[in-house]
Amino acid sequence: MILTARSLSTLLWLFLGLSGSVLAQEEVPLTKISEVLALDGREAESTPQPVKLKGTVMGVSTMFSFFTLNDGTGTVGVLKRRQETLKQGDLVEVTGHTTSTPFGGRYYPRVISDSVDIVGTAALPPGRSVTLKTFNLPENYDQWVNLEGYVMEWKYKAPDLEITVVSPDGFVKAYVTAPEESVIPRRLNGAKLRVTGAVVSTPAFGRVLFVPDVKQVEILEAGTQSIFDAPLVSIKDVMERKVEPGKRLRVKAVLTARTQERKLIVQAPDGAMICYLLVPRGPEEKDYIYGDAGQWPDLKEGDLVEVVGSVVDETGSELKTFGLSWCHVRVVGTAPVPPPQEMELEEVKALRNHDEWVSVEGVVTGWMQQNNVLSYSIVGPHSQYIVHVRDVPSTTFPTGMHGAKLRFTGISRSLLQSPGDLLLVPSPSYVKVVRPGSEDPFAVPESTVAAVAAKGVPLADRVRVRGTLVGRTSPELIYVRGTGGAICVLLQRPWSRTSGTGATLYADSGTWPDLAIGDEVEVMGSPMSPVEGTLGDGWDMKECQIRTLGSRVEVLPVETTIPEVAEGAHTSDLVEVRGRLLMLQQIPIDRGSWRTTMLLESDGVRIPASHHEKGRASFDTLKIDDEVLLRAMVDKATDRDPRQLWLMSPGDARSLGVSPAVRTRQIWVWGGGAAAVLLVFSGWVAALRKSNRIKTEVAALLEQSVNERTAELSQTQADLTRALAQERELGELKSRFVTMVSHEFRTPLGIIMSAIELMRHYDERLPKEQRQELQQDIFSSTRHMAGLMEQVLVLGRVEAGKLPCKPASSDLSILAEKLTDEALSATNRRCTVVWRPEGDIDGARADESLLRHIFSNIIANAVKYSPEGSEVIFTCRREGKDAVFQVIDHGIGIPKHETPRLFEAFHRCSNVGEIPGTGLGLVIVKRCVDLHDGSMEIDSDVGQGTTFTVRLPLFDKD
């Protein structure tokens, strides 16, 4: 869109909603820009304040009819009532009143000038460095900043040069004042720039950077004469992110498909990728010079194309899943389109940083169309995925696809790694029917429960079985008993219905029927088996639909023993077993649910039993060493849990009294004790008789007894001294705990009480924004106290030995990215947290919950004790069997003499000042590192920063 300076000026004045309110003559004018910026945006306009400011003109925009003013306390935009002749560097005195600019749901204070007097000149202050990630933060509005990036495109018509600057975090438009063409930097295409200006907003383009002088455009790296002279790189390097993010790069490849207008799928010998096109400019306007690729060429499959774009890894954006984004394209020839590679669903899922043009097959279990996207739920022999087909006519909705086998051709989404979008299928023409389906989902071959349990039916194909419902441990997980065995069935969840839209069509199982134990049912679904080398999820059939056939019958459990169950008998069936209760533990999990875990033993064989329920279930009648009678479902061993029993209600566990094994042990203990007492008594009598005959021996024995008593007294005194020292240490620990709790709880409780008092007495008179702010204060303070208690609880679990290390296959890169994103969110992006893997770190086996405790605490400390806006680096490399992690900050550092006390509970260093904290984070870190048999090193200099190095044995082989 091209807007003239006159129309932009008019729109900006309307956008600001100039009020023209009359100012009270007697009001004291504001004399500092910081005072203007401290005003509430709405009140700055509805109740204008007079201003009398003196400062330096940072830049003047004739396009936007305003200038930016800086007085050392801040920068503010000043709207000119009169067209004064101003230039950058003028020292001016401004009188006027406040107003505001609405943007993005907020109102930002500004000034309308009544008079502007030039009183001299002054040097410009340096711009504050920002990134595109922080560019849009409210505190940067109207401020004098600089940022770096690469030129994506540009256009010029005197005196306005419009440059689009791209970086790894996004792009922004910079409006540069360039009075004539000769001052425009040469070779601007793809150049790396540092631009300095003021952050402003326009109705048409949102937040932009106003650069008042072309001198504020610094060329850091020269560009090219033509857009398509950008450096040539390979698809492999782009997908593996071995190139510089943001930099304009060129790829030469064959156009394989095009979808959703702006997405190109291209292939080369080293792989495939998706390119996201720039929207081409509108009709050319007179006297404009353009630095772009013009309109899109006529593109078709088989074109040999050159694509110029940037790698963008913006968190939370779909752009992160593309090879190159914001691309220009041109056709340079033709070439044959490589055929797709035939893969299994699991092979596609295993692709990492390597997209491929592939063909996969799957059996349809349901489908849904929303607008122009048709989503299929499909299953393979080992798993289930969702495949989205683009560019589907909204008037076309397929029918009769239940149980159909389809072949999908598309590009893998290896940078996305989500089963919710495994493939990007360009259009319906890339979907082929291998085997037709039916209108009735139950019109499939019939089998038996025994055949499904024995894996005697084709995997993935839809089959139906009949049996009796004997268990249900969650809404979607049921157990069906038939002749010859029982199976575990995972019901198909219906598509999420989007309310308020009529453009969505569904073909799935719909809502589940009312089910109860004892119902005769017919289940239709897909038999599955775990991937080789894994135990799977424990289901025999997945993506199942169910219907009831008859009345309920009484379900009796199979009476068996714990050794038989542990050996593999009666899997997925309802059983009744008995055994000695060795352990009973109840812990909260999430959303008010509790998990109860028991450990039972019989004939030397142990087996766990579990129960989930909203709220804490009552098992008060069960005592350790009781003989317990359990009625429970038998679950298979999975990659997450061992083979176990699953209780459907607390009443399914009943105590039979003290275990016979315990009673037998007590009898032996009591009998042995009595025999020992009798033996001692007989010996004592014999000793007395002998003592009458040998007095000298008695004297010797008495002397020996005195010596032993003296030794015992000495030992007792030593024990008392040691106990006294421990008591003093415990007292000091309690004192530190009380001090920490008093300090950490007093402030948030005070905030909560203050906010509630204000809302109780003035709720109706408070503006909506202030009520929301008070509610946010209550929420933040409550979350702070909850976090403190969570740390205390975690430390308690560690010290009690209730936080075991359970290694499992782990993707360290994905975990680190999640931790980095969570740290940025939790700290409101106070510091930049950068994840930098070094080399190949795949194949690790770790307990991700322990790693989360370790690095979330270390990264949180790094951000907390570092200056705002500084960088925290999080790295990992492999050294033999060890994964070596480092978290590097540039914060306040740790005094050398306090390093030995870092891992004492509630201890905090002397240089933390008023920075809040508990002194528990590093204690938890140390315990979790020890559970992983790892080690930790700390290298720190006060005022320079700290490096935490954590070495954990996470790899099986060197």
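The present account deals with the structure reproduced in this document. (Residues numbered from 1 in each chain as written. Predicted model: local features only at pLDDT ≥ 70, side-chain atom pairs only at ≥ 80, totals over all residues. Heavy atoms only, no water.)

**Overview of the side chain of N70**
Here's step 1: Examined against the element boundaries, N70 turns out to sit in strand 2 (residues 66–70).
Here's step 2: Judged by relative accessible area, N70 falls into the buried class, the value being 14%.
Here's step 3: A distance of 2.8 Å separates polar atoms of two side chains, one belonging to N70 and the other to T75. (Helix = DSSP H or I, 4+ residues; strand = E, 2+ residues; numbered from the N terminus. Buried < 20%, exposed > 50% of the residue type's maximum accessible area, 1.4 Å probe, protein only. Polar contact = N/O pair within 3.5 Å; in protein donor to acceptor, adjacent residues only side chain to side chain.)

**Describing the packing of helix 11 (residues 812–826) against helix 12 (residues 848–864)**
Here's step 1: Packing of helix 11 against helix 12 leaves a shortest axis separation of 10 Å and a crossing angle of 40 degrees. The orientation of helix 11 relative to helix 12 falls into the category oblique. Seen from above, helix 11 lies across helix 12 with right-handed handedness. Here L812, L815, L819, E822 and A823 of helix 11 come into contact with helix 12, specifically with E848, L851, R852, F855, S856 and I859.
Here's step 2: Each residue belonging to the contact of helix 11 with helix 12 can be placed in one class, and the counts come to 7 nonpolar, 1 polar and 3 charged. (Axes fitted to C-alpha atoms, helices over the stretch in contact; angles between N-to-C directions. Parallel < 35°, antiparallel > 145°, perpendicular 65-115°, else oblique. Left-handed = near helix turned anticlockwise from the far one by under 90°. Contact = heavy atoms within 4.5 Å. Nonpolar A, V, L, I, M, F, W, Y, C, P; charged D, E, K, R; others polar.)

**Focus: empty space enclosed by the protein**
Regions of empty space are outlined by a rolling probe, equal in size to a water molecule, passed over the atoms.
Here's step 1: By the definition in use, this model includes 2 cavities of 30 Å³ or more.
Here's step 2: In this structure, the largest cavity occupies an estimated 80 Å³ of space.
Here's step 3: For the largest cavity, the lining is made up of 14 residues, of which P280, A293, G294, W296 and H328 are closest to its centre.
Here's step 4: No other element matches the 3 residues that strand 18 (residues 324–334) contributes to the lining of the largest cavity.
Here's step 5: For the lining of the largest cavity, the class distribution of residues is 8 nonpolar, 3 polar and 3 charged. (1 Å grid on protein atoms, 1.4 Å probe; cavity = no way out; pocket = protein on both sides within 12 Å on 5 of 7 lines; lining within 4 Å. Points joined across faces, edges and corners; volume = space filled by probe spheres on them.)

**Observations concerning the sheet that holds strand 26 (residues 463–474)**
Here's step 1: With respect to topology, 5 strands assemble into a closed barrel ordered 26-27-28-31-30, the strand pairing being mixed. Strand-to-strand twist in this sheet, taken as the mean axis angle between neighbours without regard to direction, amounts to 50 degrees.
Here's step 2: Of the pairings in the sheet, the one linking strand 26 to strand 30 (residues 520–527) comprises 6 bridges and is antiparallel in character. When the sheet's bridge partners are listed, V463 is paired in strand 30 with G525. (Pairing = 2+ DSSP bridges.)

**Points about the nonpolar core**
Here's step 1: Residues L812, I854, F855, F885, V950 and L954 are the most contacted members of the largest nonpolar core, which totals 43 residues.
Here's step 2: Looking at this core, the elements that each hand over two or more residues are helix 11, strand 40 (832–838), strand 41 (844–846), helix 12, strand 42 (871–879), strand 43 (882–889), helix 13 (921–931) and strand 45 (945–953).
Here's step 3: Top element by residues in this core is helix 12. It accounts for 8 residues.
Here's step 4: Leave out the neighbours within four places in its chain, and F855 touches L819, F874, F885 and V950.
Here's step 5: Counting residues in hydrophobic clusters, the runner-up holds 41 residues, among them A272, I274, L278 and V312. (Core = buried A, V, L, I, M, F, W, Y, C linked by side-chain atoms within 4.5 Å.)

**Structural notes on the pairing of strand 20 (residues 357–370)**
Here's step 1: Counted residue by residue, strand 20 has 12 buried out of 14 residues, so it is predominantly covered.
Here's step 2: Relative to strand 20, strand 19 (residues 341–342) runs parallel, the two being bridged by 2 bridges. Bridging from a neighbouring strand, E342 pairs with S359 of strand 20.
Here's step 3: The handedness of the strand 19 to strand 20 crossover, carried by helix 5 (residues 345–350), is right-handed.
Here's step 4: As judged from the 7 bridges shared by strand 20 and strand 23 (residues 405–412), these two strands associate in the antiparallel manner. (Right-handed = clockwise from strand over helix to strand, strands pointing away.)

**Quick word on the packing of aromatic side chains**
Here's step 1: In total, this model carries 12 aromatic pairs according to the counting rule given.
Here's step 2: Relative to W326, the ring of F171 lies with its centre 4.8 Å away and its plane at 85 degrees, an arrangement referred to as edge-to-face. Of this pair, F171 sits in strand 9 (residues 170–177) while W326 sits in strand 18; the two residues are 155 residues apart in sequence, bridging distant segments of the chain.
Here's step 3: Using a relative accessible area of 41% as the deciding quantity, one classes F171 as partly exposed.
Here's step 4: With a relative accessible area of 6%, W326 lands in the buried category.
Here's step 5: Taking the centre distance of 5.6 Å and the plane angle of 85 degrees together, the rings of W357 and Y430 count as edge-to-face. With W357 in strand 20 and Y430 in the loop between strand 24 (423–425) and strand 25 (431–435), the pair connects residues that are 73 residues apart, well separated along the chain.
Here's step 6: Ring pairing ties together the aromatic residues W835, F855, F874 and F885, which thus form one cluster.
Here's step 7: Looking at R110, its charged tip hangs above the ring of F66, at a distance of 5.0 Å from the centre. (Phe/Tyr/Trp six-rings, centres within 6.5 Å; stacked < 30°, edge-to-face > 60°. Lys NZ or Arg CZ within 6 Å of the ring centre and 35° of its normal.)

**Here we look at helix 12**
Here's step 1: The first and last C-alpha atoms of helix 12 sit 23 Å apart over 17 residues, in line with the 24 Å expected at 1.5 Å per residue.
Here's step 2: Of the positions making up helix 12, those classed as buried are L850, L851, H853, I854, F855, N857, I858, I859, A862 and V863. (Expected span 1.5 Å × (residues − 1).)

**Here we look at the sheet that holds strand 5 (residues 106–121)**
Here's step 1: Taken together, the 5 strands give a closed barrel; going around it, the order is 1-2-3-5-4, and neighbouring strands pair in mixed fashion. Adjacent strand axes in the sheet meet at a mean angle of 55 degrees when their direction is disregarded.
Here's step 2: In the sheet, strand 3 (residues 75–80) pairs with strand 5 via 3 bridges, with the strands oriented parallel. Following the sheet pairing, K80 is matched in strand 5 by S113.

**Points about the pattern of salt bridges**
Two side chains bearing opposite charge may form a pair once their charged atoms approach each other closely.
Here's step 1: The final tally for this structure, using the stated rule, is 38 salt bridges.
Here's step 2: Between D313 and R241 there is a salt bridge, with the nearest N and O atoms lying 3.2 Å from each other. With a gap of 72 residues between them, D313 in the loop between strand 17 (303–310) and strand 18 and R241 in the loop between helix 4 (235–239) and strand 13 (249–259) connect regions that are remote in the sequence.
Here's step 3: Looking at D313, the relative accessible area reads 27%, which means it is partly exposed.
Here's step 4: Close ionic contact of R547 with E522 constitutes a salt bridge, the shortest N to O distance being 2.7 Å. In this pair, R547 is assigned in strand 31 (residues 541–550) and E522 in strand 30, connecting sequence segments 25 residues apart.
Here's step 5: Take R547: its relative accessible area is 34%, and that puts it in the partly exposed class.
Here's step 6: Salt bridges sharing partners connect three or more residues here, namely E446, R464, R466, E522 and R547. (Salt bridge = Lys/Arg side-chain N within 4 Å of Asp/Glu carboxyl O.)

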